[in-house]
Amino acid sequence: AGGDKGGIYTGTFDQATGELSPLTMVARIDSPSFLVKHPSQPFLYAIGEENTSSGRKSVLAIYKSNAASGSLDLVEKTAIGPTGDCHLALSKDGK
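These numbers were taken from a predicted model, which means no experiment stands behind them. (Residues numbered from 1 in each chain as written. Predicted model: local features only at pLDDT ≥ 70, side-chain atom pairs only at ≥ 80, totals over all residues. Heavy atoms only, no water.)

A.B. asks: Is there a simple way to explain the environment of Pro82 in this structure?
C.D. replies: Within the secondary structure, Pro82 sits in strand β8 (residues 71–82). Linking Pro82 and Ser69, residues 13 residues apart in sequence, is a C-alpha distance of 33 Å. (Helix = DSSP H or I, 4+ residues; strand = E, 2+ residues; numbered from the N terminus.)

Below, the structure is given as structure tokens:
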């Protein structure tokens, strides 16, 4: 959204008019590169990056969808290695 790499955004698409609503940030994460939604639970998994004491690292962040606010609440975030990780997959049973 406008070159800002600081988050995950949502919007709506009106199929009748072809209009896209303005995007709204729902979670902050630096340089999100891959997202996957849990198939049956309200969780979203994201790969991003952050600065650590040992340099820039890729992180895995887990968010829970907050239906009341429309936002994503951070559940857990952990460094997973050097930057460049860009793929994430869940099986049909969410594992």
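A.B. asks: So what exactly am I meant to see when it comes to the nonpolar core here?
C.D. replies: Residues Ile8, Val26, Ala27, Ile29, Leu44, Ala46, Val59, Ala61, Tyr63 and Leu72 constitute the largest nonpolar core, which totals ten residues. At the level of secondary structure, the elements contributing two or more residues to this core comprise β4 (24–28), β6 (43–52) and β7 (55–66). Counting residues per element, this core draws most heavily on β7, at three residues. Filtering out sequence-adjacent residues up to four positions away, Ala27 remains in contact with Gly6, Gly7, Ile8, Tyr63 and Leu72. Core analysis: the next-biggest nonpolar cluster, separate from the first, contains five residues, Val36, Tyr45, Ile47 and Leu88 among them. (Core = buried A, V, L, I, M, F, W, Y, C linked by side-chain atoms within 4.5 Å. Buried < 20%, exposed > 50% of the residue type's maximum accessible area, 1.4 Å probe, protein only. Contact = heavy atoms within 4.5 Å.)

A.B. asks: What is the right way to read the sheet that holds β8 from this model?
C.D. replies: In a beta sheet, neighbouring strands are held together by backbone hydrogen bonds and run either parallel or antiparallel to one another. Here four strands make up an open sheet; going across it, the order is β5-β6-β7-β8 and the pairing antiparallel. Edge positions in the sheet fall to β5 (30–37) and β8, since each of these pairs with one other strand and no more. Taken pair by pair, the neighbouring strands of this sheet meet at an average axis angle of 25 degrees, ignoring direction. Examined bridge by bridge, β7 and β8 share ten bridges and lie antiparallel to one another. Within β8, the position partnered with Leu60 by the bridge is Thr78. (Pairing = 2+ DSSP bridges. Axes fitted to C-alpha atoms, helices over the stretch in contact; angles between N-to-C directions.)

Just distances and angles here, no functional claims.
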